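# Overview (structure and organization)
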Amino acid sequence: MDELAATMTGFARTLRAAGVAADHERTQNLLKALDHLDVTDPGGVYWAGRLTLCATPDDLPRYDRCFAAFFGGRRAAETRRSTTSLTRHLAADDREDDGSGQDDGTAAPATASRAEVLRHRDVATLSEAERAEVHRMLAMLSGGRARRRSRRFESAHRGVLDQRRTIREALRKGEVARLRRRRHTTRPRMVVLFVDVSGSMAPYAETLLRFAHALVRSEPRATRVFSVGTRLTPITAELRHRDPGTALNEVSKAVPDWSGGTRLGEELKEYLARYSARGVIAVIASDGWERGDPALLGTQMARLARQAHRVIWVNPHKGYEDYQPLTGGMRAALPYLDDLVAGHSLAAYEQLSERLAHA
């Protein structure tokens with residue numbers, strides 16, 4: 001039963017990353033429901049999860065996609081009709097690659113335990129098929145966003161007095177029948193993501209760009225993405241394509257400095273000269289191997305920190321326990337960071353997505 005609880009908890013985390021309100025209380029309700037069901041029946045597990053973990057009609061298609069991806073890659077309708085034992089999908093798939101040559105770059109269906117293992121593995125160590133599976137799950141991230149108060153107002157039952165509407169209505173009716181009120185509207189906080197495409201970041205660049213694609217797709221008007229290497233290149237427009245593969249093909253055509261060096265200090269200086277970072281969440285995805293002057297990077301990081309709402313640095317090597325920020329770029333940037341987080345696995349990107357939703 002402990003294995004079942006761990007599996008369903010991992011499934012709930014996947015749902016939360018996709019935007020479904022599968023919180024702790026709903027997960028506990030699912031586990032209680034499974035106590036009264038035959039867990040070898042995939043149809044029963046499907047409906048138990050759907051009835052306990054979903055909160056709104058918008059959650060249903062997300063739930064179906066996540067269930068299909070997490071429990072074997074089958075369509076939800078096939079899962080509901082299937083009489084195949086669910087234990088086959090809950091069993092661990094711990095066998096090593098036997099070298100049979102079946103790794104053709106396509107995503108093999110992931111069992112529940114295999115998907116959970118893939119969530120925590122370093123993407124640089126994955127096979128092509130495993131990386132494709134991680135990218136498929138990464139595309140389901142909701143990319144939720146913290147909200148900020150805007151200058152615009154909307155009508156409200158509570159709030160400050162809306163004098164114009166109150167007086168206008170009084171003139172029309174001849175008396176003050178009701179005091180009209182208003183409040184500030186909210187909007188998603190802007191995220192500006194800088195993705196390092198230098199040679200040292202080559203094992204992680206594609207996965208980072210797929211994460212960027214998920215952010216752009218979820219909040220297209222509140223996300224800006226730039227590639228950084230030897231040049232600052234805006235790639236937001238290319239990432240707006242619905243299909244991740246098409247979007248990355250367009251990015252590959254737009255970025256002229258793949259696998260080069262990193263001059264992040266100069267590129268941040270260029271960004272701050274051309275754009276405003278006021279109130280944004282600035283996310284820098286880089287390992288900190290700075291080819292330029294670290295002092296310049298420190299100066300520009302200080303400027304960025306003064307303008308931005310929050311500065312987050314995503315370093316793939318932060319996921320290892322023995323990591324120390326010893327590179328010149330990391331030492332220069334560290335005093336101005338609000339968060340230094342890992343960026344090596346699907347689980348790390350899920351945590352980053354949740355951080356952006358509550359920053």
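Residues numbered from 1 in each chain as written. Predicted model: local features only at pLDDT ≥ 70, side-chain atom pairs only at ≥ 80, totals over all residues. Heavy atoms only, no water.

Under an unreviewed UniProt entry, the name given to the protein chain is VWA domain-containing protein, and the organism recorded is Nonomuraea purpurea.

## Focus on the overall build of the protein chain
From N to C terminus, the protein chain includes 15 helices and nine strands. Taking the intrachain contacts of the protein chain between residues at least 6 apart in sequence as the baseline, contacts between residues at least 24 apart amount to 72%. (Helix = DSSP H or I, 4+ residues; strand = E, 2+ residues; numbered from the N terminus. Contact = heavy atoms within 4.5 Å.)

## Re the sheet that holds strand 6 (residues 232–234)
Taken together, six strands build an open sheet; the order of strands is 6-5-4-7-8-9 and the sheet is mixed. Where the open sheet ends on each side, the last strands, each with one partner, are strand 6 and strand 9 (339–342). Averaged over all pairs of adjacent strands, the angle between strand axes in this sheet comes to 20°, irrespective of strand direction. Pairing of strand 8 (residues 310–315) with strand 9 involves four bridges; the strand directions are parallel. Residue pairing in the sheet places W313 in a bridge with L340 of strand 9. In the packing of helix 13 (residues 294–307) onto the sheet, contacts are made with strand 7 (281–285) and strand 8, and the angle to strand 8 comes to roughly 130°. (Pairing = 2+ DSSP bridges. Axes fitted to C-alpha atoms, helices over the stretch in contact; angles between N-to-C directions.)

## Quick look at the state of the cysteines
Scanning the entire structure with this criterion turns up zero disulfides. Free of any disulfide, C54 has its nearest neighbouring cysteine sulfur in C66, separated by 9.3 Å. Accessibility expressed as a relative area gives 1% for C66, which makes it buried. (Disulfide = S-S within 2.5 Å. Buried < 20%, exposed > 50% of the residue type's maximum accessible area, 1.4 Å probe, protein only.)

## Side note on helix 3 (residues 42–53)
With 12 residues, helix 3 should reach 16 Å at 1.5 Å per residue; the first-to-last C-alpha distance of 16 Å fits that figure. The buried fraction of helix 3 is high, at 10 of 12 residues. Considered for burial, the residues of helix 3 that qualify are P42, G43, G44, V45, Y46, A48, G49, R50, T52 and L53. (Expected span 1.5 Å × (residues − 1).)

## Some remarks on the pairing of strand 9
Alternating positions in strand 9 separate into two faces, D339 and V341 on one and L340 and A342 on the other, with burial throughout. For the handedness criterion, the β-α-β arrangement of strand 8, helix 14 (residues 328–333) and strand 9 is classed as right-handed. (Right-handed = clockwise from strand over helix to strand, strands pointing away.)

## Let's talk about the confidence of the model for the protein chain
Mean pLDDT over the protein chain works out to 84, with 87% of the residues at or above the 70 mark. When mean pLDDT is taken per element in the protein chain, strand 7 scores highest with 98 and helix 5 (residues 76–81) scores lowest with 38. Confidence drops under pLDDT 50 across residues 73–110; counting only partners more than four residues distant or on other chains, this segment forms 72 contacts. (pLDDT = per-residue confidence, 0-100.)

## Looking at the side chain of D162
With respect to the element layout, D162 can be found in the loop between strand 2 (160–161) and helix 9 (163–173). This buried residue, D162, is left without a salt bridge; R165 holds the nearest opposite charge, at 4.3 Å. (Lys, Arg positive; Asp, Glu negative; His and termini not counted. Salt bridge = Lys/Arg side-chain N within 4 Å of Asp/Glu carboxyl O.)

## Observations concerning a nonpolar patch on the surface
Taken together, the side chains of L161, V176 and L179 make up a nonpolar region of the molecular surface, amounting to roughly 270 Å² of accessible area. In this structure, L161 sits in strand 2. Owing to a relative accessible area of 38%, L161 belongs among the partly exposed residues under this scheme. (Patch = residues over 30% accessible without salt bridge, like charges linked within 9 Å, V, L, I, M, F, W, Y side chains within 5 Å. Areas by Shrake-Rupley, 256 points an atom, 1.4 Å probe, with all protein chains shown as cover.)

## Here we look at the side chain of D257
Structurally, D257 can be placed in the loop between helix 11 (244–254) and helix 12 (264–274). Comment: no salt bridge for buried D257; closest opposite-charge side chain is R231, at 6.1 Å. Separated by 2.9 Å, the side chain of D257 and the backbone nitrogen of T230 make a polar contact. At 2.8 Å, the side chain of D257 forms a polar contact with the backbone nitrogen of R231. Discounting chain neighbours no more than four positions away, the residues touching D257 are V197, S227, V228, G229, T230 and R231. (Polar contact = N/O pair within 3.5 Å; in protein donor to acceptor, adjacent residues only side chain to side chain.)

## Focus: the pairing of strand 3 (residues 181–188)
Inspection of the sheet shows strand 1 (residues 147–156) paired to strand 3 by seven bridges, in the antiparallel sense. Each bridged residue has a counterpart across the sheet, and for E154 the counterpart in strand 3 is R183. Two elements, strand 2 and strand 3, share two bridges in a ladder whose sense is antiparallel. Residue pairing for strand 3: L161 is matched across the bridge by R181.

## Things to note about the packing of aromatic side chains
Applying the stated criterion across every chain, the model contains 13 aromatic pairs. Judged by centre distance (5.9 Å) and plane angle (35°), the ring pair of Y63 and F67 falls under tilted. On the criterion of helical spacing, the pair formed by Y63 and F67 is a turn pair, its members being four residues apart in helix 4 (residues 59–70). In terms of burial, Y63 and F67 fall into one category: buried. In this structure, R182 packs its charged tip against the face of F153, placed 3.8 Å from the ring centre. (Phe/Tyr/Trp six-rings, centres within 6.5 Å; stacked < 30°, edge-to-face > 60°. Lys NZ or Arg CZ within 6 Å of the ring centre and 35° of its normal.)

## Quick look at the environment of G199
By the element assignment, G199 lies in the loop between strand 4 (191–196) and helix 10 (202–218). What makes G199 partly exposed here is its relative accessible area of 33%. For G199, the residues in contact, after removing those within four places along its chain, are S259 and G260.

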